[in-house]
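# Coordinate inspection notes
Residues per chain, in single letters:
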Amino acid sequence: MKKTTVAQNGLIWFGAGVSIAEILTGTYFAPLGMTKGLLAILLGHLIGCAMMFFAGLIGGRTGLSAMETVKLSFGQKGGLLFAVLNVLQLVGWTAIMIYDGALAANGIAGVGSWVWCLVIGGLIIVWLVVGITNLGRVNQVAMALLFLLTLVLCKVIFFDSGAVSAETQETLTFGAAVELAVAMPLSWLPLISDYTRDAEKPVAATLASTVVYGLVSCWMYFIGMGAAIYTGESDVATIMVQAGLGIVGLVIVVLSTVTTTFLDAYSAGVSAEAITSKCNGKLTAIVVTAVGIVAAILFPMDDITDFLYLIGSVFAPMIAVQMADFFLLKTDCSEKAYSVSRLVIWLIGFVVYRLLMQVDLPLGNTLPDMLITMVLALFWGKVCERNAA
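The present account deals with the structure reproduced in this document. As the structure is a computational prediction, the values presented were derived from the model and not from experiment.

Here we come to the overall build of the protein. A count of helices and strands for the protein gives 16 helices and zero strands. Here the C-alpha atoms of the protein give a radius of gyration of 20 Å, agreeing with the 21 Å that 2.2 N^0.38 yields for 389 residues. Put simply, the protein has 389 residues, and 57% of those count as buried. Looking at the protein alone, contacts between residues at least 24 apart form 87% of all its contacts between residues at least 6 apart. Accessible surface for the protein amounts to roughly 15400 Å². Of this, 69% is attributable to carbon and sulfur atoms. Averaging the positions of the 18 positive and the 23 negative side-chain charges in the protein gives two centres separated by 14 Å.

Dropping the structure here:
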């Protein structure tokens with residue numbers, strides 16, 4: 001397969017960061033006010049993108065897909081658990097992204113949300129058929145348009161909207177806000193190696209991917225928060241219509257949804273191949289997109305906070321075990337069917353995360369949960385396994 005350049009990887013993750021879902025999630029931060037909200041966004045993304053970098057680096061150095069790298073810690077069959085969970089979360093993300101995009105597009109051009117579900121889904125399938133390395137100039141033009149159009153959106157929100165609306169009573173704690181900011185890069189963590197594994201310069205490509213994504217994602221959150229604070233409106237489509245953006249707003253919505261959801265569907269195909277070699281990745285990705293279209297038409301998906309927290313509880317302890325094994329213990333369990341010890345440590349990490357959700361911690365749940373999980377993994381690897389040997 002043709003190798004991807006550092007620039008191509010950066011463009012891929014620019015497209016991932018520009019999304020309606022991220023703008024909508026940013027609106028949840030408005031009760032904190034601009035200063036505390038921005039601090040929570042930056043802190044959460046710093047934590048989430050650091051984990052995303054290490055996950056991508058494992059794939060870049062080994063040349064393995066994201067779910068194949070999981071087998072280095074959990075074994076051939078143990079890794080299948082996470083491949084299945086990843087496919088399920090990617091089906092969910094595909095549906096959510098199409099739903100949000102269609103809802104916003106219909107707010108601008110009201111021909112029916114189901115029509116926009118079909119249009120957006122169809123364009124995603126076109127992106128899948130063309131393929132990452134063949135998108136070339138098309139992707140560059142799409143990213144340039146998105147960049148310019150988001151600048152227009154920023155101007156409308158921050159310079160043309162007038163006075164700041166009255167602050168609402170805080171309904172979101174700072175710790176919970178940090179966790180919401182962590183959750184978005186964390187949701188990409190089981191995907192990034194699907195792209196860095198094909199990079200010409202794995203370390204540079206991984207760094208470019210995480211930095212570009214982190215900056216753009218913060219930007220999207222900031223736009224959403226600013227929209228809610230400065231205009232008192234959390235519906236991005238309404239803001240675009242009131243600003244007279246019309247076609248420009250429609251292009252933002254459709255392009256951003258397609259470039260982001262393409263990554264979800266594509267990685268669902270790659271993860272399916274990790275489950276069984278009989279799966280055709282591209283065909284699976286198209287089927288996942290079709291399922292997402294149907295789900296987006298049939299089911300409401302307005303509040304995704306519980307979904308984001310569930311993703312965090314599954315994948316934060318997973319990457320903690322991987323980081324301990326790959327970077328510190330230098331352990332490879334890929335020859336085993338299962339690594340029972342790692343699966344037990346992951347399960348403890350999962351339970352700890354869910355328990356920490358009941359406590360309001362200033363840095364959120366993910367960082368303390370990862371530290372606890374990594375300490376357990378290191379203790380088991382350095383003490384228990386070496387004593388047994």
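We are not done yet, so read on.
What follows deals with the packing of aromatic side chains. With the rule as written, the count across this model stands at 14 aromatic pairs. Summarising the aromatic geometry, the rings of Trp-188 and Tyr-213 are spaced 6.3 Å apart at their centres and angled 70° between planes, so their arrangement reads as edge-to-face. Of this pair, Trp-188 sits in helix 8 (residues 174-188) while Tyr-213 sits in helix 10 (residues 202-230), and the two are 25 residues apart along the sequence. Residue class for Tyr-213 comes out buried when judged on its relative accessible area of 0%. These aromatic residues form a ring-pair network of at least three members: Trp-13, Trp-188, Tyr-195, Tyr-213, Phe-262 and Tyr-266.

Our focus in this paragraph is a nonpolar patch on the surface. On the surface, a nonpolar cluster with roughly 620 Å² of combined accessible area is contributed by Trp-114, Leu-118, Val-294, Ile-297, Leu-298 and Phe-299. Contributing elements (two or more residues each) for the nonpolar patch: helix 6 (113-130) and helix 13 (281-298). With respect to the helices and strands, the residue Leu-118 is situated in helix 6.

Okay, helix 6 next. Over its 18 residues, helix 6 runs 26 Å from end to end, which matches the ideal 26 Å to within 8%, given 1.5 Å per residue. Regarding helix 6, the residues found buried are Trp-116, Cys-117, Ile-120, Gly-121, Ile-124, Trp-127 and Leu-128. Angularly, the buried residues of helix 6 cover 130° about the axis, an arc narrow enough to put them on a single face. Looking one or two residues past helix 6, Gly-131 carries a phi angle of roughly 95°, positive in sign.

Membership of the largest hydrophobic core comes to 123 residues, with the highest contact counts inside it found for Trp-13, Phe-29 and Trp-93. Here Trp-93 is in contact with Ala-21, Met-184, Ser-187, Asp-264, Ile-304, Phe-307, Leu-308 and Ile-311, once residues within four sequence places are set aside.

Moving on, we get to the pattern of salt bridges. Applying the stated criterion across every chain, the model contains three salt bridges. Here Glu-68 makes a salt bridge to Lys-71, at a shortest N to O gap of 3.5 Å. Of the two residues, Glu-68 and Lys-71 are both situated in helix 4 (residues 66-74); the distance of three residues between them amounts to about one turn of the helix. Judged by its relative accessible area of 25%, Glu-68 is partly exposed. Here Lys-71 falls in the buried class, since its relative accessible area comes to 6%. Note that Arg-197 is salt-bridged to Asp-198, the shortest N-O span being 3.8 Å.

This part takes up helix 15 (residues 340-356). Here helix 15 is 17 residues long and its end C-alpha atoms lie 24 Å apart, about the 24 Å a rise of 1.5 Å per residue gives. Those residues of helix 15 lying buried are Ser-341, Arg-342, Leu-343, Ile-345, Trp-346, Gly-349, Val-352, Tyr-353 and Leu-356.

Our next topic: the packing of helix 5 (residues 78-108) against helix 13. For any two helices packed against each other, the geometry comes down to the angle between their axes and how far apart the axes lie. Contact pair helix 5 / helix 13: the axes reach a minimum separation of 8 Å and the direction vectors enclose 50°. Taken together, the axis directions place helix 5 and helix 13 in an arrangement best described as oblique. For the crossing formed where helix 5 meets helix 13, the hand is right-handed. Side by side, helix 5 and helix 13 meet where Val-91, Thr-94, Ala-95, Ile-98 and Tyr-99 of the first sit next to Val-288, Thr-289, Val-291, Gly-292, Ile-293, Ala-295 and Ala-296 of the second.

Attention shifts here to the packing of helix 6 against helix 12 (residues 247-275). The geometry of helix 6 relative to helix 12 is characterised by a closest axis approach of 9 Å and an angle of 55° between their N-to-C directions. Considering their axes alone, helix 6 and helix 12 lie oblique with respect to each other. The handedness of the crossing between helix 6 and helix 12 is right-handed. Contacts between helix 6 and helix 12 pair Trp-116, Ile-120, Leu-123, Ile-124, Trp-127 and Leu-128 from the former with Leu-250, Val-254, Leu-255, Thr-257, Val-258, Thr-259, Thr-261, Phe-262, Ala-265 and Tyr-266 from the latter. Split by residue class, the contact of helix 6 with helix 12 holds 13 nonpolar, three polar and no charged.

Before going further, it helps to examine the side chain of Thr-260. Within the secondary structure, Thr-260 is located in helix 12. Only 2.7 Å separates the side chain of Thr-260 from the backbone oxygen of Gly-15, close enough to count as a polar contact. Setting aside residues no more than four positions away along its own chain, Thr-260 makes contact with Gly-15, Ala-16, Val-18, Ser-19, Met-97 and Trp-188.

Rules of the game
- Residues numbered from 1 in each chain as written.
- Predicted model: local features only at pLDDT ≥ 70, side-chain atom pairs only at ≥ 80, totals over all residues.
- Heavy atoms only, no water.
- Helix = DSSP H or I, 4+ residues; strand = E, 2+ residues; numbered from the N terminus.
- Rg over C-alpha atoms; globule rule 2.2 N^0.38 Å.
- Buried < 20%, exposed > 50% of the residue type's maximum accessible area, 1.4 Å probe, protein only.
- Contact = heavy atoms within 4.5 Å.
- Areas by Shrake-Rupley, 256 points an atom, 1.4 Å probe, with all protein chains shown as cover.
- Lys, Arg positive; Asp, Glu negative; His and termini not counted.
- Charge placed at Lys NZ, Arg CZ, Asp CG, Glu CD.
- Phe/Tyr/Trp six-rings, centres within 6.5 Å; stacked < 30°, edge-to-face > 60°.
- Patch = residues over 30% accessible without salt bridge, like charges linked within 9 Å, V, L, I, M, F, W, Y side chains within 5 Å.
- Salt bridge = Lys/Arg side-chain N within 4 Å of Asp/Glu carboxyl O.
- Expected span 1.5 Å × (residues − 1).
- Arc of directions from axis to C-beta.
- Core = buried A, V, L, I, M, F, W, Y, C linked by side-chain atoms within 4.5 Å.
- Axes fitted to C-alpha atoms, helices over the stretch in contact; angles between N-to-C directions.
- Parallel < 35°, antiparallel > 145°, perpendicular 65-115°, else oblique.
- Left-handed = near helix turned anticlockwise from the far one by under 90°.
- Nonpolar A, V, L, I, M, F, W, Y, C, P; charged D, E, K, R; others polar.
- Polar contact = N/O pair within 3.5 Å; in protein donor to acceptor, adjacent residues only side chain to side chain.

Function cannot be read off these values alone, since they describe shape.
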